Amino acid sequence: MVMNRLCRILFCFLCLTLAVGCGKSRPKDMPKTYPFKVKVVDGSRPIEEVHVVLIYDQSPAISGTTDKSGVAELYTTLQGYTVKGAPSGSFRVTCRKDPNVEHWKTAQERAEMNPGEASEYFEQWQAKVDAAPREVPKIWSDFDQTPLTLTITDRGGEVVFDVDGAAND
């Protein structure tokens, strides 16, 4: 009985040791990051579910998604390893939130479409998305035309992007 309990404890310890050892290690070229938040609002109203991406000329991906208070904590990912924060530097920023347009066909009906029907359906659905009212200006989601920029220092921080009622201009 005591031997059986000892074996269980040793087995659990071995499994825990293996699990900890199997995690991804920090890539050597992962930049140092600093806590940073992006807040997206329309006047005083926070905008939820905005996907924020910092355009970075090097390899890490830097992004976050706004919560109910309109705040996105930024995370940096490199080679499948993610850390909280973003590296210091100046960045162009995209903020994307597509309008929620309901599908008029079920998922099953869409899955059963031939390629031509699926293409036509998607084009019609995308046209409705493009015509729907937006909470975030469409230009903010364009990597080449976004007017948004920010600078991150070794102090971290927060920036606020205010739509100011111009989402559908």
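Everything numeric in this text was worked out from a predicted model, so none of it was measured. (Residues numbered from 1 in each chain as written. Predicted model: local features only at pLDDT ≥ 70, side-chain atom pairs only at ≥ 80, totals over all residues. Heavy atoms only, no water.)

Some points on the sheet that holds strand E7 (residues 81-84)
- Here we have six strands laid out as an open sheet, ordered E7-E6-E4-E3-E8-E9, and antiparallel in their pairing. Only two strands of the sheet have a single partner each, and these edge strands are E7 and strand E9 (149-152). Taking each pair of neighbouring strands and ignoring which way they run, the sheet shows an average axis angle of 30 degrees. (Pairing = 2+ DSSP bridges. Helix = DSSP H or I, 4+ residues; strand = E, 2+ residues; numbered from the N terminus. Axes fitted to C-alpha atoms, helices over the stretch in contact; angles between N-to-C directions.)

Some remarks on helix H3 (residues 115-131)
- Under the 1.5 Å per step criterion, the end-to-end length of H3 is 24 Å for 17 residues, consistent within 8% with the ideal 24 Å.
- Among the residues of H3, Tyr 121, Trp 125 and Val 129 are the ones counted as buried. The buried side chains of H3 occupy one side of the element, clustering within an arc of 80 degrees when seen end-on. Relative to its buried face, H3 has exposed residues pointing more than 90 degrees away, namely Glu 123 and Ala 131.
- Elements that come into contact with the buried residues of H3 comprise helix H2 (107-111).
- Of the residues flanking the start of H3, the one acting as N-cap is Asn 114, its side-chain oxygen 2.9 Å from the backbone nitrogen of Gly 116. (Expected span 1.5 Å × (residues − 1). Buried < 20%, exposed > 50% of the residue type's maximum accessible area, 1.4 Å probe, protein only. Arc of directions from axis to C-beta. Contact = heavy atoms within 4.5 Å. Polar contact = N/O pair within 3.5 Å; in protein donor to acceptor, adjacent residues only side chain to side chain.)

Points about the nonpolar core
- Ranked by internal contacts, the top residues of the largest apolar core, which has 22 residues, are Val 52, Cys 95 and Leu 150.
- Contributing elements (two or more residues each) for this core: strand E1 (36-42), strand E3 (51-55), strand E8 (89-96), E9 and strand E10 (157-162).
- Residues in contact with Cys 95, not counting those within four places in the same chain, are Val 40, Val 50, His 51, Val 52, Val 136, Trp 140, Ser 141, Leu 148 and Phe 161.
- Counting six residues, the second largest nonpolar core, distinct from the first, contains Val 101, Met 113, Trp 125 and Ala 132. (Core = buried A, V, L, I, M, F, W, Y, C linked by side-chain atoms within 4.5 Å.)

As for the pattern of salt bridges
- The final tally for this structure, using the stated rule, is seven salt bridges.
- Asp 98 is paired through a salt bridge with Arg 134; the nearest N and O atoms lie 3.5 Å apart. In this pair, Asp 98 sits in the loop between E8 and H2 while Arg 134 sits in the loop between H3 and E9, placing the two residues 36 residues apart along the sequence.
- Judged by relative accessible area, which is 12%, Arg 134 ranks as buried.
- For Lys 138, the salt bridge identified is with Asp 130, shortest N-O distance 3.4 Å.
- Since its relative accessible area comes to 43%, Lys 138 is described here as partly exposed.
- For Asp 130, a relative accessible area of 39% corresponds to the partly exposed category.
- Through salt bridges with shared partners, a single ionic network connects Asp 42, Arg 45, Lys 97 and Glu 135. (Salt bridge = Lys/Arg side-chain N within 4 Å of Asp/Glu carboxyl O.)

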